[in-house]
Amino acid sequence: MKQHNEVPYKIYLSEDELPKAWYNVRADMKNKPAPLLNPGTHQPMTFEDLRGVFCDELIRQELDNDTAYIPIPQPVLDFYKMYRPSPLVRAYFLEEKLGTPAKIYYKFEGNNTSGSHKLNSAIAQAYYAKMQGLKGVTTETGAGQWGTALSMACSFFDLDCQVYMVKVSYEQKPFRREVMRTYGASVTPSPSDTTEVGRRILAAHPGTSGSLGCAISEAVEAASKQEGYRYVLGSVLNQVLLHQSIIGLETKAALDKYNIVPDIIIGCAGGGSNLGGLISPFMGEKLRGERDYRIIAVEPASCPSFTRGKFAYDFCDTGMVCPLAKMYTLGSDFIPSANHAGGLRYHGMSSVLSQLYHDGLMEAVSVEQTEVFKAAELFARCEGTLPAPESSHAIRAAIDEALKCKETGEEKTIVFGLTGTGYFDMVAYGKFNDGQMTDYIPTDEELAASFAKLPQVPEIK
Ligand SMILES: *Cc1c(COP(=O)(O)O)cnc(C)c1O
(Lines give C-alpha, C1' and ligand atoms only; values in the text may rest on other atoms or scores of the structure.)
Protein backbone atom coordinates (compact mmCIF):
# COMPACT_ATOMS: atom_id res chain seq x y z
CA MET A 1 0.00 0.00 0.00
CA LYS A 2 1.30 3.39 -0.96
CA GLN A 3 1.26 6.09 1.66
CA HIS A 4 -0.89 8.97 0.49
CA ASN A 5 1.15 11.63 2.21
CA GLU A 6 4.16 12.22 -0.02
CA VAL A 7 2.51 15.38 -1.30
CA PRO A 8 -1.04 16.67 -0.71
CA TYR A 9 -3.71 15.03 -2.83
CA LYS A 10 -4.33 18.41 -4.44
CA ILE A 11 -1.51 20.92 -4.83
CA TYR A 12 -3.12 24.35 -4.93
CA LEU A 13 -1.34 27.61 -5.57
CA SER A 14 -2.60 30.67 -3.75
CA GLU A 15 -4.25 33.49 -5.66
CA ASP A 16 -1.03 35.52 -5.28
CA GLU A 17 0.92 32.77 -6.98
CA LEU A 18 -1.21 32.98 -10.13
CA PRO A 19 1.23 33.67 -13.01
CA LYS A 20 1.17 37.36 -14.04
CA ALA A 21 2.43 36.81 -17.61
CA TRP A 22 1.86 34.22 -20.33
CA TYR A 23 4.94 32.45 -21.68
CA ASN A 24 5.51 32.44 -25.43
CA VAL A 25 7.47 29.28 -26.26
CA ARG A 26 8.18 30.58 -29.79
CA ALA A 27 10.73 32.95 -28.26
CA ASP A 28 12.92 29.96 -27.38
CA MET A 29 12.40 27.99 -30.60
CA LYS A 30 15.38 27.95 -32.95
CA ASN A 31 13.17 26.83 -35.82
CA LYS A 32 10.21 29.17 -35.61
CA PRO A 33 6.77 27.95 -36.71
CA ALA A 34 6.17 28.71 -40.38
CA PRO A 35 4.18 31.92 -41.04
CA LEU A 36 0.54 31.96 -42.14
CA LEU A 37 0.38 32.51 -45.90
CA ASN A 38 -2.07 34.42 -48.05
CA PRO A 39 -3.93 31.66 -49.96
CA GLY A 40 -3.85 33.70 -53.19
CA THR A 41 -0.32 35.13 -53.29
CA HIS A 42 1.43 32.62 -50.97
CA GLN A 43 3.12 35.56 -49.24
CA PRO A 44 3.32 35.66 -45.42
CA MET A 45 0.28 37.35 -43.89
CA THR A 46 1.10 40.73 -42.40
CA PHE A 47 -0.56 42.66 -39.60
CA GLU A 48 -2.50 44.66 -42.20
CA ASP A 49 -3.62 41.53 -44.08
CA LEU A 50 -5.08 40.03 -40.92
CA ARG A 51 -6.80 43.15 -39.57
CA GLY A 52 -10.09 42.57 -41.35
CA VAL A 53 -10.57 39.23 -39.63
CA PHE A 54 -8.78 39.26 -36.25
CA CYS A 55 -8.52 41.73 -33.35
CA ASP A 56 -5.42 43.94 -33.51
CA GLU A 57 -3.78 42.93 -30.24
CA LEU A 58 -4.38 39.26 -30.99
CA ILE A 59 -2.68 39.65 -34.38
CA ARG A 60 0.34 41.16 -32.61
CA GLN A 61 0.46 38.12 -30.33
CA GLU A 62 -0.03 35.81 -33.30
CA LEU A 63 2.95 37.27 -35.16
CA ASP A 64 5.25 37.75 -32.15
CA ASN A 65 7.89 35.00 -32.24
CA ASP A 66 10.31 36.87 -29.96
CA THR A 67 8.76 38.17 -26.74
CA ALA A 68 9.09 35.45 -24.11
CA TYR A 69 6.70 36.86 -21.49
CA ILE A 70 3.53 38.80 -22.27
CA PRO A 71 1.78 40.35 -19.25
CA ILE A 72 -1.75 39.11 -18.57
CA PRO A 73 -4.04 42.18 -18.50
CA GLN A 74 -5.44 42.86 -15.02
CA PRO A 75 -9.15 42.34 -16.00
CA VAL A 76 -8.22 38.92 -17.45
CA LEU A 77 -6.26 38.05 -14.29
CA ASP A 78 -9.24 39.11 -12.20
CA PHE A 79 -11.53 36.83 -14.22
CA TYR A 80 -9.00 33.97 -13.92
CA LYS A 81 -9.27 34.31 -10.13
CA MET A 82 -12.86 33.05 -10.27
CA TYR A 83 -11.67 29.57 -11.29
CA ARG A 84 -7.87 29.59 -11.15
CA PRO A 85 -5.31 28.55 -10.07
CA SER A 86 -6.64 25.12 -11.00
CA PRO A 87 -5.57 22.14 -8.89
CA LEU A 88 -2.71 19.78 -9.71
CA VAL A 89 -3.86 16.44 -8.36
CA ARG A 90 -1.75 13.46 -7.35
CA ALA A 91 -3.61 10.40 -8.66
CA TYR A 92 -2.83 8.24 -5.61
CA PHE A 93 -5.94 6.10 -6.08
CA LEU A 94 -5.26 5.47 -9.76
CA GLU A 95 -1.63 4.56 -9.00
CA GLU A 96 -2.81 2.12 -6.37
CA LYS A 97 -5.38 0.54 -8.69
CA LEU A 98 -2.75 0.09 -11.40
CA GLY A 99 -0.18 -1.20 -8.93
CA THR A 100 2.43 1.02 -10.52
CA PRO A 101 5.52 2.53 -8.92
CA ALA A 102 4.96 5.56 -11.21
CA LYS A 103 3.78 8.82 -9.67
CA ILE A 104 0.90 10.28 -11.63
CA TYR A 105 -0.27 13.90 -11.49
CA TYR A 106 -3.00 15.59 -13.46
CA LYS A 107 -3.79 19.25 -13.99
CA PHE A 108 -7.57 19.62 -13.86
CA GLU A 109 -9.07 22.30 -16.11
CA GLY A 110 -12.73 21.28 -15.91
CA ASN A 111 -13.49 23.39 -12.87
CA ASN A 112 -15.62 26.06 -14.56
CA THR A 113 -19.05 26.11 -16.19
CA SER A 114 -17.69 25.70 -19.73
CA GLY A 115 -16.14 22.48 -18.40
CA SER A 116 -12.78 22.82 -20.13
CA HIS A 117 -9.52 24.77 -20.48
CA LYS A 118 -10.98 26.80 -23.37
CA LEU A 119 -12.14 29.59 -21.07
CA ASN A 120 -8.46 30.54 -20.49
CA SER A 121 -8.17 31.84 -24.04
CA ALA A 122 -11.82 32.88 -24.52
CA ILE A 123 -11.60 35.48 -21.76
CA ALA A 124 -8.37 36.90 -23.15
CA GLN A 125 -9.76 37.12 -26.68
CA ALA A 126 -13.01 38.73 -25.52
CA TYR A 127 -11.01 41.26 -23.48
CA TYR A 128 -8.90 42.36 -26.47
CA ALA A 129 -12.01 42.62 -28.65
CA LYS A 130 -13.66 44.83 -26.02
CA MET A 131 -10.54 47.03 -25.67
CA GLN A 132 -10.61 47.57 -29.42
CA GLY A 133 -14.16 48.87 -29.13
CA LEU A 134 -15.70 46.06 -31.20
CA LYS A 135 -19.40 45.18 -31.06
CA GLY A 136 -18.96 41.46 -31.13
CA VAL A 137 -17.18 38.35 -32.32
CA THR A 138 -18.04 35.33 -34.43
CA THR A 139 -16.74 31.81 -34.07
CA GLU A 140 -17.37 28.15 -34.81
CA THR A 141 -17.85 25.35 -32.35
CA GLY A 142 -17.89 21.59 -32.76
CA ALA A 143 -19.17 19.76 -29.74
CA GLY A 144 -19.70 23.13 -28.08
CA GLN A 145 -16.95 23.57 -25.48
CA TRP A 146 -15.36 26.53 -27.22
CA GLY A 147 -18.68 28.20 -27.99
CA THR A 148 -19.68 27.80 -24.36
CA ALA A 149 -16.41 29.28 -23.11
CA LEU A 150 -16.62 32.18 -25.54
CA SER A 151 -20.23 32.95 -24.71
CA MET A 152 -19.28 33.18 -21.01
CA ALA A 153 -16.35 35.46 -21.82
CA CYS A 154 -18.43 37.69 -24.10
CA SER A 155 -21.24 38.08 -21.62
CA PHE A 156 -18.66 39.11 -18.99
CA PHE A 157 -17.35 41.90 -21.22
CA ASP A 158 -20.77 42.69 -22.72
CA LEU A 159 -19.92 41.72 -26.31
CA ASP A 160 -22.22 40.13 -28.89
CA CYS A 161 -21.29 36.50 -29.58
CA GLN A 162 -22.34 34.66 -32.77
CA VAL A 163 -21.58 30.97 -32.86
CA TYR A 164 -21.71 28.67 -35.89
CA MET A 165 -22.20 25.21 -34.46
CA VAL A 166 -21.54 22.06 -36.50
CA LYS A 167 -25.05 20.91 -37.44
CA VAL A 168 -24.78 17.36 -36.13
CA SER A 169 -23.76 18.68 -32.70
CA TYR A 170 -26.42 21.40 -32.78
CA GLU A 171 -29.04 18.68 -33.23
CA GLN A 172 -27.54 15.97 -31.04
CA LYS A 173 -26.07 18.08 -28.23
CA PRO A 174 -28.76 20.57 -27.25
CA PHE A 175 -27.38 21.12 -23.74
CA ARG A 176 -24.24 23.06 -24.63
CA ARG A 177 -26.29 25.02 -27.15
CA GLU A 178 -28.59 26.09 -24.32
CA VAL A 179 -25.66 27.04 -22.08
CA MET A 180 -24.46 29.33 -24.87
CA ARG A 181 -27.91 30.88 -25.27
CA THR A 182 -28.19 31.34 -21.53
CA TYR A 183 -25.02 33.43 -21.70
CA GLY A 184 -26.58 35.46 -24.50
CA ALA A 185 -24.90 34.02 -27.60
CA SER A 186 -26.78 33.37 -30.84
CA VAL A 187 -26.20 29.87 -32.17
CA THR A 188 -26.62 28.94 -35.86
CA PRO A 189 -26.35 25.34 -37.14
CA SER A 190 -23.64 25.09 -39.82
CA PRO A 191 -23.63 24.86 -42.77
CA SER A 192 -26.39 27.47 -42.92
CA ASP A 193 -27.96 29.68 -45.56
CA THR A 194 -26.86 32.81 -43.68
CA THR A 195 -23.47 32.97 -45.46
CA GLU A 196 -22.32 32.65 -49.06
CA VAL A 197 -19.88 29.90 -48.23
CA GLY A 198 -22.57 28.04 -46.28
CA ARG A 199 -24.94 28.20 -49.26
CA ARG A 200 -22.14 26.97 -51.54
CA ILE A 201 -21.37 24.00 -49.27
CA LEU A 202 -25.09 23.18 -48.92
CA ALA A 203 -25.51 23.21 -52.72
CA ALA A 204 -22.52 20.89 -53.20
CA HIS A 205 -23.38 18.56 -50.30
CA PRO A 206 -27.14 18.71 -49.61
CA GLY A 207 -27.97 17.03 -46.33
CA THR A 208 -24.44 17.36 -44.94
CA SER A 209 -24.21 17.30 -41.15
CA GLY A 210 -21.38 19.82 -41.24
CA SER A 211 -17.80 19.91 -40.02
CA LEU A 212 -15.53 22.19 -38.07
CA GLY A 213 -13.89 23.30 -41.33
CA CYS A 214 -17.28 24.45 -42.75
CA ALA A 215 -18.24 26.25 -39.58
CA ILE A 216 -14.92 28.14 -39.53
CA SER A 217 -15.53 29.35 -43.09
CA GLU A 218 -18.97 30.63 -42.17
CA ALA A 219 -17.81 32.37 -39.00
CA VAL A 220 -14.95 34.10 -40.84
CA GLU A 221 -17.32 35.32 -43.54
CA ALA A 222 -19.84 36.52 -40.96
CA ALA A 223 -17.12 38.54 -39.18
CA SER A 224 -15.79 40.14 -42.33
CA LYS A 225 -19.27 41.20 -43.48
CA GLN A 226 -20.41 42.91 -40.30
CA GLU A 227 -19.12 46.27 -39.15
CA GLY A 228 -17.44 46.07 -35.74
CA TYR A 229 -17.08 42.28 -35.69
CA ARG A 230 -14.01 40.05 -35.73
CA TYR A 231 -13.48 36.31 -35.84
CA VAL A 232 -11.98 34.39 -32.92
CA LEU A 233 -10.70 30.82 -32.79
CA GLY A 234 -10.42 28.49 -29.80
CA SER A 235 -7.38 26.42 -30.73
CA VAL A 236 -4.62 25.91 -33.33
CA LEU A 237 -3.44 29.55 -33.46
CA ASN A 238 -0.21 30.73 -31.78
CA GLN A 239 -2.14 33.26 -29.67
CA VAL A 240 -4.32 30.50 -28.20
CA LEU A 241 -1.28 28.45 -27.17
CA LEU A 242 0.11 31.60 -25.59
CA HIS A 243 -3.00 32.09 -23.43
CA GLN A 244 -3.10 28.40 -22.52
CA SER A 245 0.47 28.62 -21.19
CA ILE A 246 -1.23 29.55 -17.91
CA ILE A 247 -1.88 25.78 -17.52
CA GLY A 248 1.80 24.89 -17.81
CA LEU A 249 3.05 27.81 -15.73
CA GLU A 250 0.76 26.87 -12.85
CA THR A 251 1.68 23.19 -13.20
CA LYS A 252 5.37 24.02 -13.06
CA ALA A 253 4.93 26.35 -10.07
CA ALA A 254 2.99 23.64 -8.18
CA LEU A 255 5.58 20.94 -8.96
CA ASP A 256 8.42 23.28 -7.98
CA LYS A 257 6.85 23.75 -4.55
CA TYR A 258 7.60 20.10 -3.81
CA ASN A 259 10.76 19.84 -5.95
CA ILE A 260 9.03 17.43 -8.29
CA VAL A 261 10.57 17.05 -11.74
CA PRO A 262 8.36 15.17 -14.19
CA ASP A 263 9.82 12.58 -16.55
CA ILE A 264 6.86 12.42 -18.91
CA ILE A 265 4.27 15.09 -19.80
CA ILE A 266 1.16 13.98 -21.68
CA GLY A 267 -1.74 15.83 -23.26
CA CYS A 268 -4.51 15.12 -25.74
CA ALA A 269 -4.16 16.94 -29.04
CA GLY A 270 -7.00 18.26 -31.19
CA GLY A 271 -5.75 21.60 -32.46
CA GLY A 272 -3.00 21.52 -29.85
CA SER A 273 -3.91 24.34 -27.46
CA ASN A 274 -4.12 22.53 -24.11
CA LEU A 275 -1.07 20.43 -24.86
CA GLY A 276 0.85 23.45 -26.14
CA GLY A 277 -0.11 25.39 -23.02
CA LEU A 278 0.70 22.57 -20.62
CA ILE A 279 4.11 21.85 -22.08
CA SER A 280 5.23 25.42 -22.87
CA PRO A 281 7.42 26.15 -19.82
CA PHE A 282 8.83 22.60 -19.84
CA MET A 283 9.52 22.78 -23.57
CA GLY A 284 11.19 26.14 -22.97
CA GLU A 285 13.65 24.46 -20.57
CA LYS A 286 14.19 21.72 -23.09
CA LEU A 287 14.80 24.21 -25.92
CA ARG A 288 17.26 26.17 -23.78
CA GLY A 289 19.09 22.94 -22.94
CA GLU A 290 18.34 23.20 -19.21
CA ARG A 291 16.38 19.98 -18.76
CA ASP A 292 14.95 17.12 -20.74
CA TYR A 293 11.44 15.72 -20.65
CA ARG A 294 9.50 13.18 -22.69
CA ILE A 295 6.48 14.97 -24.10
CA ILE A 296 3.67 12.96 -25.66
CA ALA A 297 0.73 14.17 -27.75
CA VAL A 298 -2.24 11.79 -27.80
CA GLU A 299 -4.69 11.84 -30.68
CA PRO A 300 -7.63 9.69 -31.79
CA ALA A 301 -6.81 6.91 -34.27
CA SER A 302 -9.79 8.21 -36.26
CA CYS A 303 -8.19 11.66 -36.72
CA PRO A 304 -4.41 11.03 -36.63
CA SER A 305 -2.91 14.38 -37.71
CA PHE A 306 0.52 13.88 -36.11
CA THR A 307 0.96 10.14 -36.54
CA ARG A 308 -0.32 9.82 -40.11
CA GLY A 309 -0.64 13.37 -41.42
CA LYS A 310 1.67 15.35 -43.72
CA PHE A 311 3.75 18.35 -42.61
CA ALA A 312 2.62 20.79 -45.27
CA TYR A 313 0.85 24.07 -45.91
CA ASP A 314 -2.88 23.53 -45.88
CA PHE A 315 -6.16 25.37 -45.60
CA CYS A 316 -7.47 25.80 -42.09
CA ASP A 317 -11.08 25.53 -43.25
CA THR A 318 -13.24 23.77 -45.82
CA GLY A 319 -14.34 26.92 -47.67
CA MET A 320 -10.68 27.95 -48.16
CA VAL A 321 -11.30 31.49 -46.93
CA CYS A 322 -8.64 31.37 -44.17
CA PRO A 323 -4.86 31.80 -44.52
CA LEU A 324 -2.73 28.73 -45.18
CA ALA A 325 -0.91 27.25 -42.19
CA LYS A 326 2.05 24.87 -42.23
CA MET A 327 1.12 22.00 -39.97
CA TYR A 328 0.65 18.29 -39.66
CA THR A 329 -2.60 17.85 -41.55
CA LEU A 330 -4.92 15.22 -42.90
CA GLY A 331 -6.13 17.63 -45.60
CA SER A 332 -8.82 20.28 -45.18
CA ASP A 333 -11.32 17.98 -46.90
CA PHE A 334 -10.80 15.21 -44.39
CA ILE A 335 -13.89 14.58 -42.29
CA PRO A 336 -13.17 12.08 -39.52
CA SER A 337 -15.68 9.34 -38.79
CA ALA A 338 -18.16 10.07 -36.02
CA ASN A 339 -15.85 10.03 -33.02
CA HIS A 340 -17.12 10.89 -29.58
CA ALA A 341 -14.18 13.14 -28.77
CA GLY A 342 -15.66 16.09 -30.69
CA GLY A 343 -12.87 18.40 -29.57
CA LEU A 344 -10.21 16.28 -31.25
CA ARG A 345 -11.74 16.12 -34.73
CA TYR A 346 -9.86 18.94 -36.43
CA HIS A 347 -7.91 17.99 -39.59
CA GLY A 348 -4.82 20.06 -38.73
CA MET A 349 -2.61 20.92 -35.77
CA SER A 350 -0.97 23.98 -34.21
CA SER A 351 2.01 25.20 -36.27
CA VAL A 352 4.07 25.54 -33.09
CA LEU A 353 3.51 21.94 -32.04
CA SER A 354 3.92 20.76 -35.64
CA GLN A 355 7.37 22.36 -35.80
CA LEU A 356 8.39 20.95 -32.40
CA TYR A 357 7.22 17.50 -33.43
CA HIS A 358 8.98 17.78 -36.77
CA ASP A 359 12.19 18.72 -34.92
CA GLY A 360 11.95 15.60 -32.75
CA LEU A 361 11.25 17.53 -29.53
CA MET A 362 8.03 15.68 -28.78
CA GLU A 363 6.36 12.34 -29.54
CA ALA A 364 2.85 11.44 -30.62
CA VAL A 365 0.67 8.35 -30.23
CA SER A 366 -2.81 7.57 -31.48
CA VAL A 367 -5.35 5.62 -29.47
CA GLU A 368 -8.62 3.92 -30.32
CA GLN A 369 -11.89 5.11 -28.92
CA THR A 370 -12.91 1.99 -27.01
CA GLU A 371 -9.55 1.89 -25.22
CA VAL A 372 -9.99 5.58 -24.41
CA PHE A 373 -13.37 4.95 -22.78
CA LYS A 374 -11.97 2.01 -20.79
CA ALA A 375 -9.38 4.41 -19.40
CA ALA A 376 -12.10 7.02 -18.76
CA GLU A 377 -14.19 4.51 -16.81
CA LEU A 378 -11.24 3.38 -14.70
CA PHE A 379 -10.25 6.98 -13.99
CA ALA A 380 -13.82 8.00 -13.08
CA ARG A 381 -14.11 5.11 -10.65
CA CYS A 382 -10.72 5.71 -8.95
CA GLU A 383 -10.35 9.45 -9.00
CA GLY A 384 -13.93 10.61 -8.67
CA THR A 385 -13.98 12.93 -11.68
CA LEU A 386 -15.93 11.97 -14.79
CA PRO A 387 -13.50 12.94 -17.56
CA ALA A 388 -14.29 14.40 -20.98
CA PRO A 389 -13.71 11.92 -23.84
CA GLU A 390 -11.02 14.28 -25.19
CA SER A 391 -9.15 14.34 -21.88
CA SER A 392 -9.46 10.58 -21.65
CA HIS A 393 -7.02 10.23 -24.54
CA ALA A 394 -4.36 11.64 -22.22
CA ILE A 395 -5.55 9.36 -19.41
CA ARG A 396 -5.16 6.35 -21.72
CA ALA A 397 -1.56 7.25 -22.55
CA ALA A 398 -0.73 8.06 -18.91
CA ILE A 399 -2.10 4.67 -17.80
CA ASP A 400 -0.13 2.92 -20.54
CA GLU A 401 3.10 4.64 -19.44
CA ALA A 402 2.37 3.83 -15.79
CA LEU A 403 1.82 0.17 -16.70
CA LYS A 404 5.20 0.13 -18.48
CA CYS A 405 6.73 1.39 -15.22
CA LYS A 406 5.05 -1.52 -13.44
CA GLU A 407 6.92 -3.92 -15.72
CA THR A 408 10.29 -2.21 -15.39
CA GLY A 409 9.92 -1.12 -11.78
CA GLU A 410 10.78 2.46 -12.68
CA GLU A 411 9.37 5.19 -10.43
CA LYS A 412 8.73 7.70 -13.18
CA THR A 413 6.77 10.87 -12.59
CA ILE A 414 4.01 11.37 -15.13
CA VAL A 415 2.01 14.57 -15.52
CA PHE A 416 -1.02 14.78 -17.77
CA GLY A 417 -3.62 17.38 -18.66
CA LEU A 418 -7.18 16.59 -17.59
CA THR A 419 -8.76 19.18 -19.85
CA GLY A 420 -12.39 18.83 -18.89
CA THR A 421 -15.41 17.01 -17.55
CA GLY A 422 -17.67 14.70 -19.51
CA TYR A 423 -21.12 15.62 -18.18
CA PHE A 424 -22.36 16.61 -21.63
CA ASP A 425 -20.92 13.48 -23.25
CA MET A 426 -23.20 10.91 -21.68
CA VAL A 427 -24.52 9.71 -25.05
CA ALA A 428 -20.96 8.57 -25.80
CA TYR A 429 -20.64 6.95 -22.39
CA GLY A 430 -24.01 5.30 -23.04
CA LYS A 431 -22.69 3.74 -26.26
CA PHE A 432 -19.67 2.48 -24.38
CA ASN A 433 -21.77 1.08 -21.53
CA ASP A 434 -24.01 -0.71 -24.05
CA GLY A 435 -20.99 -2.25 -25.79
CA GLN A 436 -21.86 -0.41 -28.99
CA MET A 437 -18.81 1.75 -29.40
CA THR A 438 -16.85 1.25 -32.60
CA ASP A 439 -13.29 2.15 -33.60
CA TYR A 440 -13.02 3.57 -37.06
CA ILE A 441 -9.55 4.08 -38.47
CA PRO A 442 -9.19 5.77 -41.88
CA THR A 443 -7.51 3.67 -44.57
CA ASP A 444 -4.30 4.75 -46.34
CA GLU A 445 -6.39 5.19 -49.51
CA GLU A 446 -8.77 7.59 -47.78
CA LEU A 447 -5.87 9.65 -46.48
CA ALA A 448 -4.11 9.62 -49.86
CA ALA A 449 -7.27 10.97 -51.52
CA SER A 450 -7.33 13.79 -49.00
CA PHE A 451 -3.58 14.55 -49.31
CA ALA A 452 -3.98 14.81 -53.09
CA LYS A 453 -6.00 17.98 -52.51
CA LEU A 454 -3.33 19.77 -50.46
CA PRO A 455 -2.54 23.19 -51.98
CA GLN A 456 0.69 23.42 -53.95
CA VAL A 457 2.85 25.96 -52.16
CA PRO A 458 6.38 26.74 -53.34
CA GLU A 459 9.08 26.43 -50.63
CA ILE A 460 9.59 29.84 -49.09
CA LYS A 461 12.94 30.85 -47.69
C1 LIG B 1 -11.43 21.39 -27.19
C2 LIG B 1 -11.01 20.40 -26.20
C3 LIG B 1 -9.80 19.69 -26.36
C4 LIG B 1 -8.93 19.79 -27.56
O5 LIG B 1 -8.48 21.05 -27.92
P6 LIG B 1 -6.95 21.41 -27.97
O7 LIG B 1 -6.90 22.73 -28.63
O8 LIG B 1 -6.23 20.34 -28.75
O9 LIG B 1 -6.49 21.46 -26.58
C10 LIG B 1 -9.44 18.81 -25.37
N11 LIG B 1 -10.20 18.62 -24.28
C12 LIG B 1 -11.36 19.28 -24.09
C13 LIG B 1 -12.15 19.01 -22.86
C14 LIG B 1 -11.79 20.20 -25.04
O15 LIG B 1 -12.93 20.84 -24.85
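Just so we're clear, the structure is a prediction, and the values are computed from it rather than from any experiment.

J.: Which parts of the structure should I look at to understand the site of the ligand?
T.: Around the ligand, a shell composed of 18 residues is seen, among which Lys118, Ser235, Gly270, Ser273 and Thr419 lie nearest. Gln145 places a side-chain nitrogen or oxygen 3.3 Å from an oxygen atom of the ligand. Computed on the free molecule, the ligand has an accessible area of 380 Å², of which 98% lies beneath the protein chains in the complex. A molecule is said to occupy a pocket when more than half its atoms come within 2 Å of that pocket's grid points, and by this definition the ligand occupies the second largest pocket.

J.: Looking at this structure, how should I read the layout of surface pockets?
T.: Rolled over the atoms, a probe as big as a water molecule pinpoints where empty space is left. Taken as a whole, the largest pocket encloses approximately 1000 Å³ of empty space. Lining the largest pocket are 47 residues, and of these Val166, Val168, Ser209, Gly210 and Arg345 lie nearest its centre. Listed by contribution, the elements that provide at least two residues to the lining of the largest pocket are helix 7 (167-172), helix 8 (174-182), helix 9 (196-204), helix 10 (212-224) and helix 17 (426-433). No other element matches the four residues that helix 17 contributes to the lining of the largest pocket. Looking at the lining of the largest pocket residue by residue, the classes come out as 21 nonpolar, 19 polar and seven charged. Put simply, the second largest pocket is a space of about 520 Å³. Along its surface, the second largest pocket is lined by 41 residues, and Lys118, Gln145, Trp146, Gly343 and Glu390 are the ones closest to its centre.

J.: I tried to follow empty space enclosed by the protein on my own but got confused; where do I start?
T.: Here the structure, examined in full by the defined rule, presents two cavities of 30 Å³ or more. Looking at the largest cavity, its volume works out to about 50 Å³. Residue contributions to the lining of the largest cavity peak at three residues, all from helix 11 (residues 238-257). When its volume is computed, the second largest cavity comes out at roughly 30 Å³. Considering only residue class, the lining of the second largest cavity consists of five nonpolar, no polar and three charged.

J.: Please clarify how the environment of Asp160 should be interpreted in this entry.
T.: Residue placement: Asp160 occurs in strand 7 (residues 160-166). Among the residues examined, Asp160 registers a relative accessible area of 28% and is labelled partly exposed. Sequence separation between Asp160 and Thr138 is 22 residues; the distance between their C-alpha atoms is 8.4 Å. When neighbours within four sequence positions are excluded, Asp160 is seen to be in contact with Lys135, Gly136, Val137, Cys154 and Tyr229. At a separation of 3.2 Å, a polar atom in the side chain of Asp160 contacts the side chain of Gln162.

About the criteria used
- Residues numbered from 1 in each chain as written.
- Predicted model: local features only at pLDDT ≥ 70, side-chain atom pairs only at ≥ 80, totals over all residues.
- Heavy atoms only, no water.
- Near = heavy atom within 4 Å.
- Polar contact = N/O pair within 3.5 Å; in protein donor to acceptor, adjacent residues only side chain to side chain.
- Areas by Shrake-Rupley, 256 points an atom, 1.4 Å probe, with all protein chains shown as cover.
- 1 Å grid on protein atoms, 1.4 Å probe; cavity = no way out; pocket = protein on both sides within 12 Å on 5 of 7 lines; lining within 4 Å.
- Sits in = over half its atoms within 2 Å of the grid points.
- Points joined across faces, edges and corners; volume = space filled by probe spheres on them.
- Helix = DSSP H or I, 4+ residues; strand = E, 2+ residues; numbered from the N terminus.
- Nonpolar A, V, L, I, M, F, W, Y, C, P; charged D, E, K, R; others polar.
- Buried < 20%, exposed > 50% of the residue type's maximum accessible area, 1.4 Å probe, protein only.
- Contact = heavy atoms within 4.5 Å.

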